[in-house]
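The residues making up each chain are set out below.
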Amino acid sequence: MSLSKNKGFLNIAFVGMFFLFGISEGFSQREYDPEMKPPIKDRLYYGGNFAAQFGTITFIDVSPLVGIMLTEKFSGGVGMTYQYFQDKRFAGGNSNLYGGRTFLRYNVFPNIFAHTEYEALNFDLYNRRTEVFERQWVPSLFVGAGYFAPFGNRGGANFTFLYNLLYDNQRSPYNEPYVIRVGFVL
């Protein structure tokens, strides 16, 4: 997509991040102290991504996740994704994308983590052989790293930079193998 198409999306994302940082006093980062042997409910964390753009191009992304601290530095979790896209310039120019993911994170330093993730998304792909759109599951295997920006005592924002090892420019829902995600954790 061109920068002009993403301008509305970027504006909404900026406002959303400003809102998240503005309510920071009520949350804190999850910490794991193995000496205290905390119950599972105290080791769980929740978060995800939300994005919205409205106008000629409508885009809605809801991607919640839940994770658990397995050790002081290692965590894992699952998430799901739903995206709606509509382009009013074209008849029938709308689509729904959905799927899930599982991830592992290792805190290399207090605010820097290594990340790996397997994701499978279902969406309409154009089949050149039959010349029709068909729904297909497309896998992605991401590796990368991220930065956790804490706010308050329990929450924060994640900035994650990933590379898709299974990237295929004919089948991927992403424009390139590099993916940047901004999300939150409570």
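Quick note: structure is the one above.
Quick look at the structure, then. (Residues numbered from 1 in each chain as written. Predicted model: local features only at pLDDT ≥ 70, side-chain atom pairs only at ≥ 80, totals over all residues. Heavy atoms only, no water.)

1. Regarding the overall build of the protein
Note the threshold: The helix and strand labels rest on DSSP assignments: H or I over at least four residues marks a helix, E over at least two residues marks a strand, and numbering proceeds from the N terminus. Two residues form a contact once any of their heavy atoms are found within 4.5 Å. Every accessible area reported is derived by Shrake-Rupley at a probe size of 1.4 Å, with residue values counting cover from the shown protein chains alone.
When you go through the protein residue by residue, the secondary structure sums to 2 helices and 8 strands. Reading the helices (α) and strands (β) of the protein from amino to carboxyl end gives α-α-β-β-β-β-β-β-β-β. Sequence-distant contacts, at least 24 apart, represent 50% of the contacts inside the protein between residues at least 6 apart. Of the roughly 11400 Å² of accessible surface on the protein, a fraction of 62% belongs to carbon and sulfur atoms.

2. Description of the pattern of salt bridges
Put simply, the rule is: Between Lys or Arg on one side and Asp or Glu on the other, a salt bridge is scored when a side-chain nitrogen of the former is within 4 Å of a carboxyl oxygen of the latter.
Counting across every chain of the model gives 4 salt bridges. Between Arg 181 and Glu 119 there is a salt bridge, with its nearest N and O atoms 3.5 Å apart. Pair noted here: Arg 181 is in strand β8 (residues 178-185) and Glu 119 is in strand β5 (residues 112-127), with a separation of 62 residues, a long-range link.

3. What to know about the nonpolar core
Formally: Buried Ala, Val, Leu, Ile, Met, Phe, Trp, Tyr and Cys residues that are joined via side-chain atoms within 4.5 Å together make up what is termed a nonpolar core. Under the scheme applied here, a residue whose accessible area is under 20% of the maximum for its type counts as buried, over 50% as exposed, and between as partly exposed, the area being computed with a 1.4 Å probe on protein chains only.
By size, the foremost hydrophobic cluster in this structure holds 7 residues: Tyr 45, Leu 65, Met 69, Phe 103, Phe 113, Phe 148 and Val 185. The next biggest cluster of nonpolar side chains, apart from the first, holds 5 residues, and it includes Leu 97, Leu 121, Phe 123 and Leu 125.

4. Looking at the sheet that holds strand β2 (residues 57-69)
Threshold: DSSP-based pairing: two strands are paired if at least 2 bridges between them are found. Angles shown run from 0 to 180 degrees and are taken between the N-to-C directions of axes, each axis being a line fitted to C-alpha atoms and, for helices, limited to the stretch in contact.
Strand order in the closed barrel made by the 8 strands is β1-β2-β3-β4-β5-β6-β7-β8, with antiparallel pairing throughout. When the angles between neighbouring strand axes are averaged without regard to direction, this sheet yields 25 degrees. Bridge count for β5 against strand β6 (residues 132-151) is 16 bridges, and the pairing is antiparallel. Opposite Asn 127, over in β6, you have Val 132 as the bridge partner.

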